[in-house]
Amino acid sequence: MSTRVLVTGATGFIAGHVIVELLDHGYAVRGTVRDLADSGKRAHLVEYAARVGGDLDFVAADLNRDAGWAAAVAGCTQVLHVASPFPATPPDDESELIRTAVDGTLRVLTACADSPAVRRVVLTSSTAAIAHGHHDDAVRTEADWTVIERSPAYQRSKTLAERAAWEFADALPVARELDLVVVNPGMVLGPLLSPETSTSHEPVRRLLAGAVPGLPRVGWSVVDVRDLAVAHRLAMENPRAAGNRYICAGEHVWMRDMAELLAAEFGPRGFRIATRGLPDRLVRLVAVFDRGLRLTVPALGRVERVSADRARRELGWTMRPVRETVRDTADSLLRQRIVAPPRRASAPGGRAVSAAEA
Ligand code: NDP
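Residues numbered from 1 in each chain as written. Predicted model: local features only at pLDDT ≥ 70, side-chain atom pairs only at ≥ 80, totals over all residues. Heavy atoms only, no water.

Looking only at helices and strands, the chain has 11 helices and 12 strands in total. The C-alpha radius of gyration computed for the chain amounts to 21 Å, which stays within 12% of the reference 21 Å derived for 358 residues, consistent with globular compactness. Projected onto the principal axes, the alpha-carbon positions of the chain cover approximately 75 × 50 × 40 Å. Across the chain, every contact between residues at least 6 apart in sequence was considered, and the portion connecting residues at least 24 apart equals 78%. Total accessible area computed for the chain in this model is approximately 16200 Å², and 51% of it derives from carbon and sulfur atoms. Across the chain, the mean location of the 45 positive side-chain charges is 5 Å away from that of the 43 negative side-chain charges. (Helix = DSSP H or I, 4+ residues; strand = E, 2+ residues; numbered from the N terminus. Rg over C-alpha atoms; globule rule 2.2 N^0.38 Å. Contact = heavy atoms within 4.5 Å. Areas by Shrake-Rupley, 256 points an atom, 1.4 Å probe, with all protein chains shown as cover. Lys, Arg positive; Asp, Glu negative; His and termini not counted. Charge placed at Lys NZ, Arg CZ, Asp CG, Glu CD.)

A few words on the sheet that holds strand β6 (residues 179-185). Within a sheet, adjacent strands bond to each other through the backbone by hydrogen bonds, running parallel or antiparallel. Taking strand neighbours across the sheet as the criterion, the 7 strands line up as β3-β2-β1-β4-β5-β6-β9 in an open arrangement whose pairing is parallel. The two strands at the open ends of the sheet, each matched to only one other strand, are β3 (56-60) and β9 (245-248). When the angles between neighbouring strand axes are averaged without regard to direction, this sheet yields 20 degrees. Docked against the sheet, helix α4 (residues 94-114) engages β4 (76-81) and β5 (120-124), running at close to 175 degrees with respect to β4. Together, β5, β6 and β9 form the strand contacts of helix α5 (residues 153-171), whose direction differs from that of β6 by roughly 160 degrees. (Pairing = 2+ DSSP bridges. Axes fitted to C-alpha atoms, helices over the stretch in contact; angles between N-to-C directions.)

The local shell around the ligand holds 28 residues, among which T11, R34, Y154, K158 and S198 are the closest. Within the side chain of S198, a nitrogen or oxygen atom sits 2.7 Å from an oxygen atom of the ligand. Within the side chain of S200, an N or O atom sits 3.0 Å from a nitrogen atom of the ligand. About the coverage of the ligand: the protein hides 89% of its 890 Å² of free accessible area. Those elements giving two or more residues to the shell around the ligand turn out to be α1 (13-24), α5 and β7 (187-189). Of the residues belonging to the shell around the ligand, the class tally is 12 nonpolar, 12 polar and 4 charged. (Near = heavy atom within 4 Å. Polar contact = N/O pair within 3.5 Å; in protein donor to acceptor, adjacent residues only side chain to side chain. Nonpolar A, V, L, I, M, F, W, Y, C, P; charged D, E, K, R; others polar.)

Next up on the list: the side chain of S157. With respect to the helices and strands, S157 occurs in helix α5. Judged by relative accessible area, S157 falls into the buried class, the value being 0%. (Buried < 20%, exposed > 50% of the residue type's maximum accessible area, 1.4 Å probe, protein only.)

For the rest of this paragraph, the subject is the packing of aromatic side chains. Summed over the entire model, instances satisfying the criterion amount to 2 aromatic pairs. Between F266 and F271 the ring centres are 5.8 Å apart and the planes differ by 90 degrees, which places this aromatic pair in the edge-to-face class. F266 gets classed as buried once you look at its relative accessible area, which sits at 0%. Sitting over the face of the ring of W145, R163 holds its NZ or CZ atom 4.1 Å from the ring centroid. (Phe/Tyr/Trp six-rings, centres within 6.5 Å; stacked < 30°, edge-to-face > 60°. Lys NZ or Arg CZ within 6 Å of the ring centre and 35° of its normal.)

So, on to helix α11 (residues 322-335). Compared with an ideal rise of 1.5 Å per residue, which puts 14 residues at 20 Å, α11 spans 20 Å between its outermost C-alpha atoms and is within 8% of the ideal. Within the span of α11, buried status applies to T325, V326, D328, T329, A330, S332, L333 and L334. At its buried positions, α11 is contacted by β7, α6 (202-208), β8 (219-224), α7 (225-237) and α8 (255-266). Two residues or fewer after α11 comes R337, characterised by a positive phi angle close to 60 degrees. (Expected span 1.5 Å × (residues − 1).)

Within this structure, the stated rule accounts for 27 salt bridges. Linking R226 and D328 is a salt bridge whose minimum nitrogen-to-oxygen distance equals 2.9 Å. Of this pair, R226 sits in helix α7 while D328 sits in helix α11, placing them 102 residues apart in sequence. For R226, a relative accessible area of 21% translates into the label partly exposed. (Salt bridge = Lys/Arg side-chain N within 4 Å of Asp/Glu carboxyl O.)

Shape descriptors only; they carry no functional weight alone.
This is the structure we're talking about:
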């Protein structure tokens, strides 16, 4: 196979897995990075490509600048636009976040439209563009759109960027055979390929590190990053996917369920994982002082029900069980030394104890 595929934001968590999936299937891949001088941020991908004999190169391009995008897409037949800011705390300037997401998407699409070789763009959107701001708990499908006026900045950024992408694609002349496919993941967990974490690792990281005293009543529809990478490849390859959105997410999982999974798996290894709930009132109060918790407040009690039936049916996509995803996320946080294992000492009678007990 000799076609080259462009993946934007190669240093990111999801894009890294997408690149691995593409290399594993024989594609030549080009990744965009913001800073070519920072070779450390992509070293894991260079090593992987060398190990499997894959063809991988990198170019510099920033979503906030025009420069670089024409050169990035040159010679590529498919473009997977994954990059977008995903802040862990509410941004100081919401309009800057939204501008980067929307204008960046339009920059990538404009470069694609101007480059005759490009036939398909796969955009990584989110269930954040589908399931927010609704007044009821109905199961959301690809027919639904987030209600902008009732949604926080990140959700608005993903919704507006995806809408802009569809408007752009709809306005293309029919003669320009370029189609758009959108993948809408839920909360993405799974193993890290490098020590860089994504915002979505925070709940598991904090639980494993014993950094949460109790559990806010929040939850997510989770998808494993390895399954999501497969979904991106299928969305890119399947001719029938043109013009479609595909939700990639499983059932809603409360943080409490996640904590119980982790406690069962890692408790016996000396990790102290909180499994007690926190009253909403307390979370709201603490969030006044804790910026990291502020994004949690609008999500209190919210159940995200989305259906991935279309991806299963049309792409033949499957998902692994959430238990495996949560366990592998935690294992990789330990392997990448993002969370330290508990110090264990031998207690009288040979019982192993954690540092906290010792
Ligand atoms: P990461 O934070 O790991 O990756 C984000 C990537 O976007 C990084 O490569 C980053 O580059 C790049 N980026 C950010 N701003 C710019 C910019 N101005 N110009 C160029 N590149 C930029 O996040 P994820 O991998 O988790 O997310 C990737 C995509 O998936 C995003 O579009 C996100 O909205 C979407 N998504 C993520 C979900 C999740 O749970 N993780 C859920 C649903 C959707 P750099 O390394 O230079 O910062």
